[in-house]
Amino acid sequence: MTTTNKVDRALFDDVMVPNYNPAKMIPVKGEGSRVWDQEGKEYVDFAGGIAVNCLGHCHPAMVKALTEQGNKLWHLSNVFTNEPAIRLAKKLTDATFAERVYFANSGAEANEAALKLARRWALDKFGPDKNQIIAFNKGFHGRTFFTVTVGGQPAYSEGFGPKPGAVEHVDYNDLAALEKLMSEQTCAVMMEPLQGEGGVISPDVDFVKGVRALCDKYNALLIFDEVQTGFGRTGSLYAYQQLGVAPDILSTAKALGGGFPIGAMLTTTEIAQHLKPGTHGSTYGGNPLACAVAEAVFDVVNTNDVLEGVKKREQLFKDALQKINDKYNVFKDIRGKGLLLGAELTEQFEGKARDFLNAAADEGTMVLVAGPSVIRFTPSLIIPEQDIVEGLARFERAVAKLAG
Ligand SMILES: Cc1ncc(COP(=O)(O)O)c(C=O)c1O
């Protein structure tokens, strides 16, 4: 056991549960889309805390909201309500299909609430047999036992004992398979309107429309998990707004707080009424600090300037990645929407996405992976153009090292 006061990566291994294996370096400071580690080495941040830091690090509007609220009121519990929570809920409902909001602390919790609400809605309206939940292979919905079971990657849900039942999966974009499985016993279909963790996979618009139609046909709820795609990430406040298909329930987290933990479930009045007082809750859900920060993030993100800027930056990234590929031929596909982008490696580099991540970090650019063969980019929605250029120049040096 280490006994010094030095905080380093070795101490992590001594004191932390080993469910994570973080990078060797420890970041200590961030500003905009730049981050510095303990040694003073600087990085361009294309990871954005996995699609969380939508306004980069320490955005002045967020710092202001947090410090102002921090000097006023920190926590009440849900025995009392608070002004920031009500204001944020009003903004979210004004900007979306939703009429009601439930606040949580994370994406998984927002999804847990969505799934429980769907089951309760179905029980109240149609009886206990209507309990089937259908989701999609490679989908990701969080790490609680219910959400990991609904997620379409069995590796994450196996080995913990009996799973919650009546959860089934079909392939994403396979409407025929979904249709075969659906019936009056289907309570809800849960999907990401672009699979993030599963490899940055876009849905066909017709598929999404077909899912909506099947849900309508069988009186099932459509739940969109917009934890990763939401809050400006794809160039609209929520991705559904560009698909032309509205869900019945939507979950949002990650970028909602821009780095402060918060999640939310959005739905209609008619559905929301099935979560009566006492049916569900959370000590911290709707915490005033979290809601004050999220409100500040909302005011910046939900503007034409930022949302149109996301589309411009998408093109900058895609063009630059294509240029890198023209030289080194490492990607078989460059895809995604807005600033949720993926570059899938060719057969020659299959399974090696993490090597690219590590090489990029060595060169001073933070990127992510989405599965073994896809490099993922989820930077700040307002990342300056010169940071995109500099970060990709560093990334190209990493690619050259591995493929040159
Ligand atoms: C689509 C989606 N849903 C849910 C989650 C879980 O969110 P959290 O880690 O905040 O619980 C994630 C996290 O990556 C996600 O991408």
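Summarised in this report is the structure supplied together with it. Keep in mind it's a predicted model, so treat the numbers as computed, not measured.

### Digging into the nonpolar core
Alright, step 1. In terms of nonpolar packing, the biggest core is built from 78 residues, with Phe377 and Phe395 touching the most fellow members.
Alright, step 2. Broken down by element, the residue count for this core peaks at seven residues, all from helix α11 (residues 288-301).
Alright, step 3. The next biggest cluster of nonpolar side chains, apart from the first, holds 22 residues, and it includes Ala113, Ala114, Ala135 and Met190.

### Section: the sheet that holds strand β14 (residues 368-369)
Alright, step 1. The antiparallel open sheet is built from four strands, whose spatial order is β11-β12-β15-β14. Bordering the open sheet on either side are β11 (331-337) and β14, each of which pairs with just one other strand.
Alright, step 2. Note that β11 and strand β12 (residues 340-345) share six bridges and pair antiparallel. For lysine 337, the partnering residue across the bridge sits in β12 and is leucine 340.

### What to know about the sheet that holds strand β3 (residues 42-45)
Alright, step 1. Pairing is mixed across the open sheet formed by four strands, whose spatial order is β1-β2-β3-β13. One side of each edge strand has no neighbouring strand; the edge strands of this open sheet are β1 (27-31) and β13 (365-366).
Alright, step 2. Across two bridges, β3 lies against β13 in parallel orientation. Considered in β13, the bridge of valine 44 is made with threonine 365.
Alright, step 3. On top of the sheet, helix α14 (residues 385-403) reaches β2 (34-37), β3 and β13; it is set at about 110 degrees to β3, its chief contact.

### Some details on the environment of aspartate 326
Alright, step 1. By the element assignment, aspartate 326 lies in helix α12 (residues 304-328).
Alright, step 2. Residue classification places aspartate 326 among the exposed residues on the basis of a relative accessible area of 58%.
Alright, step 3. Between the alpha carbons of aspartate 326 and methionine 25 there is a distance of 32 Å; along the sequence they are 301 residues apart.

### Notes on the packing of helix α3 (residues 60-70) against α11
Alright, step 1. The contact between α3 and α11 brings their axes to 9 Å, and the two run at 150 degrees. Judged on the interaxial angle alone, α11 and α3 are roughly antiparallel. In the crossing of α3 with α11, the sense of the turn from one axis to the other is right-handed. Between α3 and α11, the contacting residues are Ala61, Met62, Ala65, Leu66, Gln69 and Gly70 on the first element and Pro288, Leu289, Ala292, Val293, Ala296, Val297 and Val300 on the second.
Alright, step 2. Looking at the contact of α3 with α11 residue by residue, the class counts come to 11 nonpolar, two polar and no charged.

Rules and cut-offs
Residues numbered from 1 in each chain as written. Predicted model: local features only at pLDDT ≥ 70, side-chain atom pairs only at ≥ 80, totals over all residues. Heavy atoms only, no water. Core = buried A, V, L, I, M, F, W, Y, C linked by side-chain atoms within 4.5 Å. Buried < 20%, exposed > 50% of the residue type's maximum accessible area, 1.4 Å probe, protein only. Helix = DSSP H or I, 4+ residues; strand = E, 2+ residues; numbered from the N terminus. Pairing = 2+ DSSP bridges. Contact = heavy atoms within 4.5 Å. Axes fitted to C-alpha atoms, helices over the stretch in contact; angles between N-to-C directions. Parallel < 35°, antiparallel > 145°, perpendicular 65-115°, else oblique. Left-handed = near helix turned anticlockwise from the far one by under 90°. Nonpolar A, V, L, I, M, F, W, Y, C, P; charged D, E, K, R; others polar.

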